[in-house]
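An overview of the molecular structure
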Amino acid sequence: MGIALFTLGGTISMAGAARLDGAALTAAVPGLETLDEPLDIQDLEPVGSGSLTFAQVLAVAESASAAVRAGAPGVVITQGTDTLEETAYLLDLVWAQDAPLVLTGAMRNPTLAGPDGPANLLAAARVAAAAPARGLGALVVFNDEIHAARWVRKTHSTSTATFVSPDTGPLGHVIEGRVRVLTAPVRCAPLPPPTAGARVALYTVTLDDDPDTLTALAAGQDAVVLAGFGVGHVPAVLVPALAELAARMPVVLTSRTGAGSVLRSTYRSPGSETELLSHGLIDGGLLHPYKARVLLRLLLGSGADRDAVAAAFAERG
Ligand code: ASP
């Protein structure tokens, strides 16, 4: 059996009004015929990545696992780039196989000069088939770089070099078609797929914020991810509302900066990380707010209580 290729939608498949299916996508890739492993294509619903749901992504994970169990050495998923940093992390959290699960897409559609989709697809297929990529979990291959799903971010709205891992750098590169893995991410045990839905809001604090906005957003939610200033700070005026919220539901503290960790005990001023954690907020560590929301929603969907959520963030944050 060859490498399993699952196609969703996104820029990589957008040829004007028409959508390229897997056969058309692969036909446009010079060099694909040189791969040792053929591609076994499964076209899925060509939905834009902004409209993907957890259920759809988890269904892809299940189909990808089935393909590996049936003998596929690795899996490639093409999708839109907008939510790829979240879908990749969700897939990574549940992926229980050694086989590489590789996501890619494109920033320039096939009708433009210099579309990046074909090169990204070829590099992704090479990584999916590569022995050194085994055991690394879900990977994002883009612009000839290999990124861990845990760390990768979309950082630019149009650049073909949009995917970067600000905290770690890439795990490796594809060089002259050769897969070079330079470093391996720390992997945690796979999480069970959720058995129920969960509503998790993401709230980003801003200058001169007010608690009413936060309280209104949190109404009807099961949990909140808070993207705080810098190392995990909020305006002092938000603290009572956050304390009250954290007494009712998990509230995970992350940084809105996009790189680096929230702290635990450096600042003690009103609205500081020390004060927020003393009120029961959960330390999100190095997790970006978007990824923290993915983890929190997955945990709550499989019945985790506040202590289990805190333990999971202590391990994975
Ligand atoms: N809006 C597109 C999507 O995420 C953008 C892309 O593919 O890059 O589906």
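Residues numbered from 1 in each chain as written. Predicted model: local features only at pLDDT ≥ 70, side-chain atom pairs only at ≥ 80, totals over all residues. Heavy atoms only, no water.

A closer look at helix α4 (residues 117-128)
The terminal C-alpha atoms of α4, which comprises twelve residues, lie 16 Å apart, in line with the 16 Å expected from a rise of 1.5 Å per residue. Counting buried positions over the twelve residues of α4 gives nine, a clear majority of the element. Turning to α4, its buried residues are G117, N120, L121, L122, A123, A124, A125, V127 and A128. (Helix = DSSP H or I, 4+ residues; strand = E, 2+ residues; numbered from the N terminus. Expected span 1.5 Å × (residues − 1). Buried < 20%, exposed > 50% of the residue type's maximum accessible area, 1.4 Å probe, protein only.)

Digging into the sheet that holds strand β8 (residues 145-148)
The strand order across the open sheet formed by eight strands is β4-β1-β5-β6-β7-β8-β11-β12, and the pairing between neighbours is mixed. In the strand order of this sheet, the two ends are held by β4 (39-43) and β12 (178-181), each with one partner. The mean inter-strand angle of the sheet, taken between neighbouring strand axes irrespective of direction, is 25°. Examined bridge by bridge, strand β1 (residues 3-7) and strand β5 (residues 75-78) share four bridges and lie parallel to one another. In the sheet register, L5 faces β5, and the bridge partner there is V76. The sheet contacts of helix α3 (residues 84-94) involve β5, β6 (101-104) and β7 (138-142), and relative to β6 the element is tilted by about 170°. (Pairing = 2+ DSSP bridges. Axes fitted to C-alpha atoms, helices over the stretch in contact; angles between N-to-C directions. Contact = heavy atoms within 4.5 Å.)

Observations regarding the packing of aromatic side chains
This structure, assessed with the given rule, holds one aromatic pair. For R150, the ring lying beneath its charged end belongs to W151, and the centroid distance is 3.8 Å. (Phe/Tyr/Trp six-rings, centres within 6.5 Å; stacked < 30°, edge-to-face > 60°. Lys NZ or Arg CZ within 6 Å of the ring centre and 35° of its normal.)

Re the environment of L263
If you trace the backbone, L263 turns up in the loop between β15 (251-255) and α7 (273-278). Between the alpha carbons of L263 and L276 there is a distance of 11 Å; along the sequence they are 13 residues apart. When sequence neighbours within four positions are dropped, the list of residues in contact with L263 reads V231, E273 and L277.

Looking at the packing of helix α2 (residues 54-69) against α3
At a minimum axis distance of 10 Å, the contact between α2 and α3 shows a crossing angle of 50°. In terms of axis orientation, α2 runs oblique to α3. Note that α2 runs across α3; the crossing there is right-handed. Note on element contacts: α3 touches α2 through T87, L90, L91 and V94, opposite F54, V57, L58 and A61. Split by residue class, the contact of α2 with α3 holds seven nonpolar, one polar and no charged. (Parallel < 35°, antiparallel > 145°, perpendicular 65-115°, else oblique. Left-handed = near helix turned anticlockwise from the far one by under 90°. Nonpolar A, V, L, I, M, F, W, Y, C, P; charged D, E, K, R; others polar.)

Concerning the packing of helix α5 (residues 211-218) against helix α6 (residues 239-248)
Contact geometry for α5 and α6: axes closest at 9 Å, N-to-C directions at 20°. One element, α5, and the other, α6, form an angle in the roughly parallel class. Handedness of the α5/α6 crossing: right-handed. Facing P211, L214, T215 and A218 of α5, the residues of α6 in contact are A241, L242 and L245. Looking at the contact of α5 with α6 residue by residue, the classes come out as six nonpolar, one polar and no charged.

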